[in-house]
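What the coordinates show
One-letter residues, chain by chain:
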Amino acid sequence: MSMWLSGANAAIGSARGRVAAESKRQANAMVTEGTKQMIDLWASALTLPAKPKRKRR
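Let me sum up the structure you'll find in this document. Keep in mind the model is a prediction, meaning the values are calculated, not measured. (Residues numbered from 1 in each chain as written. Predicted model: local features only at pLDDT ≥ 70, side-chain atom pairs only at ≥ 80, totals over all residues. Heavy atoms only, no water.)

**Quick look at the overall build of the protein chain**
Heads up, the rule is: To qualify as a helix, a DSSP run of H or I must reach at least 4 residues; to qualify as a strand, a run of E must reach at least 2; elements of each kind are numbered from the N terminus. The globule rule is 2.2 Å times the number of residues to the power 0.38, and the radius of gyration it is compared with is taken over C-alpha atoms. Accessible area is worked out with a 1.4 Å probe on protein chains only. A residue is then buried under 20% of its type maximum, exposed over 50%, and partly exposed in between. Using a 1.4 Å probe, the Shrake-Rupley method yields the accessible areas, and only the shown protein chains count as cover for residues.
Of the regular secondary structure elements, the protein chain holds one helix and zero strands. The C-alpha atoms of the protein chain give a radius of gyration of 26 Å, which is well past the 10 Å a tight globule of 57 residues would have. Seen through its principal axes, the protein chain has C-alpha atoms that stretch 90 × 20 × 5 Å. Per-residue burial for the protein chain yields a buried fraction of 0% across its 57 residues. Carbon and sulfur atoms form 64% of the exposed surface of the protein chain, whose accessible area is close to 6,100 Å².

Right, here's the structure in full:
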């Protein structure tokens with residue numbers, strides 16, 4: 001029974017580690033995407049609108 005519990009503990013610990021790593025990856029991806037969206041928002045707000053092109057006669 002001790003060997004069975006030891007094996008189960010190792011498997012559960014491994015699964016817990018994988019779940020924790022995946023959640024950390026998802027959190028980092030969300031932060032990166034949020035930062036990108038904020039930079040795009042502020043960059044578009046601070047840039048001047050394009051001047052209309054002059055028509056040739």
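**Points about a nonpolar patch on the surface**
To keep it simple, the criterion reads: Nonpolar side chains (Val, Leu, Ile, Met, Phe, Trp, Tyr) within 5 Å and like charges within 9 Å form the patches, drawn only from residues with over 30% relative accessible area and no salt bridge. Salt bridge, as used here: a side-chain nitrogen of Lys or Arg that lies within 4 Å of a carboxyl oxygen of Asp or Glu.
Side chains of Met 38, Leu 41, Trp 42 and Leu 46 sit close together on the surface and give an oily, nonpolar patch of about 470 Å² of accessible area. Checked against the element boundaries, Leu 41 lands in helix 1 (residues 2–46).

**Comments concerning the pattern of salt bridges**
For the structure on display, the rule yields two salt bridges. Note that Arg 25 is salt-bridged to Glu 22, the shortest N-O span being 2.9 Å. Pair noted here: Arg 25 and Glu 22 are both in helix 1, with a separation of three residues, about one helical turn. Judged by relative accessible area, Arg 25 falls into the exposed class, the value being 52%. Taking the relative accessible area as the measure of exposure, Glu 22 reaches 35% and is therefore partly exposed. Ionic pairing is found between Asp 40 and Lys 36, a salt bridge with its closest N-O pair at 3.2 Å. In this pair, Asp 40 and Lys 36 both sit in helix 1, four residues apart, roughly one turn of the helix.

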